[in-house]
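Next come the chains, spelled out residue by residue.
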Amino acid sequence: MYGETHTLLGFFEKENLPLDIAIHPGEGLGPNRRISTVRMRSDNMRMFIKMLKENRIYYP
Amino acid sequence: MSFVWKPGTPLDEAALDRLKQHFPKPSEPPPEAWFMGNKQNYYTWVVDTDPTEVDYRTAETYLQDTGGGIKYFPDLEFAQQRWRYSFHYLLPYLVQHYDKYYLLEDLVTYFMLLYPEGIPDTYTEFRQDILDTLGSAIMRPHFWHNGDLSPFIREHDRTSWDAYSTVFFSPIVSSAMYFCLKYLKPDEIKTWCESIFEINGTHWHYHLLS
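Residues numbered from 1 in each chain as written. Chains lettered and ligands numbered in written order. Predicted model: local features only at pLDDT ≥ 70, side-chain atom pairs only at ≥ 80, totals over all residues. Heavy atoms only, no water.

(A) Region of the structure containing the environment of B:Tyr85. All names here are of chain B. Within the element layout of this structure, Tyr85 appears in helix α4 (residues 77-97). With 60 residues separating them in the primary sequence, Tyr85 and Lys25 have C-alpha atoms 9.2 Å apart. Apart from residues no more than four positions distant in its own chain, Tyr85 is found in contact with His22, Phe23, Pro24 and Pro26. (Helix = DSSP H or I, 4+ residues; strand = E, 2+ residues; numbered from the N terminus. Contact = heavy atoms within 4.5 Å.)

Okay, structure coming up:
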């Protein structure tokens, strides 16, 4: 999970992102990689990244 | 309301019961999604068999076939209606009865195909019931052993494993986490993150970081 989100860290730290963001999980999700795009809230990802950092799971 | 993951937590029985009450057995069977020729077959077991009595492969085949239909045939209104309803009916039975983790992955990603915009208020407790069942199923006792992911969930024995092109992470852990990142609210993300960082298992950390 960290590996999949690592490349997104910088992106989600940008200011003025739209609330609704589409991301592409590295290996896809589900059988036959059925889901290649997941729409989610940018503030959710920002909070997730903040928590990764606070818990020292993030490294630059 | 805070949402946390705690290893060894069983599914919420009250939530499962509410889902069963709100989505009783359909009267008409869902059609198959992918077929060749003029005749389209139907999944009659959905309406004439107890979902907990169908074998795992039958359930898996159904979810993979109709899940593809949900994604690729959005204009088939009649089929879409039956597929969508049948999933809601089957969900509490399949998530409870089958302890194969990759069926859980099928259920999680099927739900994400059905609800790309968020979880609707189908009934008052629907969102919470989904979080307390599908969203928490990765924490079921069967998937954990001594505070870490169980050997069971670490076995990569899915016959279609090559579909993922990797054996370095468990697809269900990834799917379950994306499920939460997608459907939780920002304040719920905080408590959920705190709970997943408190899990100390070596294999859990490996999957979290891989």
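(B) Layout of the interface of chain B and chain A. Between chain B and chain A, the contact holds 39 residues from the first and 27 residues from the second. Considering only the surface of chain B that becomes buried against chain A, B:Tyr178, B:Leu181 and B:Phe197 emerge as the three largest contributors, covering 24% of it. Taken together, the links from chain B to chain A amount to one salt bridge. The salt bridge involving B:Glu117 is made with A:Arg39; its shortest N-O contact spans 2.7 Å. Mapped by element, the contributors of at least two residues to the side of chain B that touches chain A are α3 (56-72), α5 (101-114), α8 (171-183), α9 (186-197) and α10 (202-209) of chain B. (Buried area = accessible area lost by both parts, 1.4 Å probe. Salt bridge = Lys/Arg side-chain N within 4 Å of Asp/Glu carboxyl O.)

(C) Region of interest: the pattern of salt bridges. Inspection of the entire model under this criterion finds nine salt bridges over all chains. Put simply, B:Asp129 and B:Arg18 hold a salt bridge, and the shortest N to O gap is 2.8 Å. Taken together, the residues B:Asp129 in helix α6 (residues 126-132) and B:Arg18 in helix α1 (residues 13-22) connect sequence positions 111 residues apart. The class for B:Arg18 is partly exposed, based on a relative accessible area of 25%. In this structure, B:Glu28 and B:Arg82 form a salt bridge, with 4.0 Å as the shortest nitrogen-oxygen distance. Separated by 54 residues along the polypeptide, B:Glu28 in the loop between α1 and α2 (45-48) and B:Arg82 in helix α4 bring together distant segments of the chain. Overall, the relative accessible area of 43% leaves B:Glu28 in the partly exposed class. When salt bridges that share partners are traced, they join A:Asp20, A:Arg39 and B:Glu117 into one network. (Buried < 20%, exposed > 50% of the residue type's maximum accessible area, 1.4 Å probe, protein only.)

(D) Spotlight on the packing of aromatic side chains. All names here are of chain B. Evaluation of the coordinates by the stated rule reveals 19 aromatic pairs over all chains. On the basis of an interplanar angle of 5 degrees and a centroid distance of 4.5 Å, the ring pair of Phe87 and Tyr110 is categorised as stacked. Of this pair, Phe87 sits in helix α4 while Tyr110 sits in helix α5, placing them 23 residues apart in sequence. A residue is classified by how much of its surface remains accessible, and Phe87, at 2% relative accessible area, is buried. With a relative accessible area of 0%, Tyr110 lands in the buried category. (Phe/Tyr/Trp six-rings, centres within 6.5 Å; stacked < 30°, edge-to-face > 60°.)

(E) Molecular detail of the packing of α1(B) against α4(B). Residues and elements named next belong to chain B. Taken N-terminus to C-terminus, the directions of α1 and α4 make an angle of 150 degrees; their axes are 9 Å apart at the nearest point. Between α1 and α4, the crossing angle belongs to the class labelled roughly antiparallel. Crossing handedness for the pair α1 and α4: left-handed. For the pair α1 and α4, the contacting residues are Glu13, Leu16, Leu19, Lys20 and His22 in the first and Tyr85, Pro92, Tyr93, Val95 and Gln96 in the second. Split into classes, the residues belonging to the contact of α1 with α4 amount to six nonpolar, two polar and two charged. (Axes fitted to C-alpha atoms, helices over the stretch in contact; angles between N-to-C directions. Parallel < 35°, antiparallel > 145°, perpendicular 65-115°, else oblique. Left-handed = near helix turned anticlockwise from the far one by under 90°. Nonpolar A, V, L, I, M, F, W, Y, C, P; charged D, E, K, R; others polar.)

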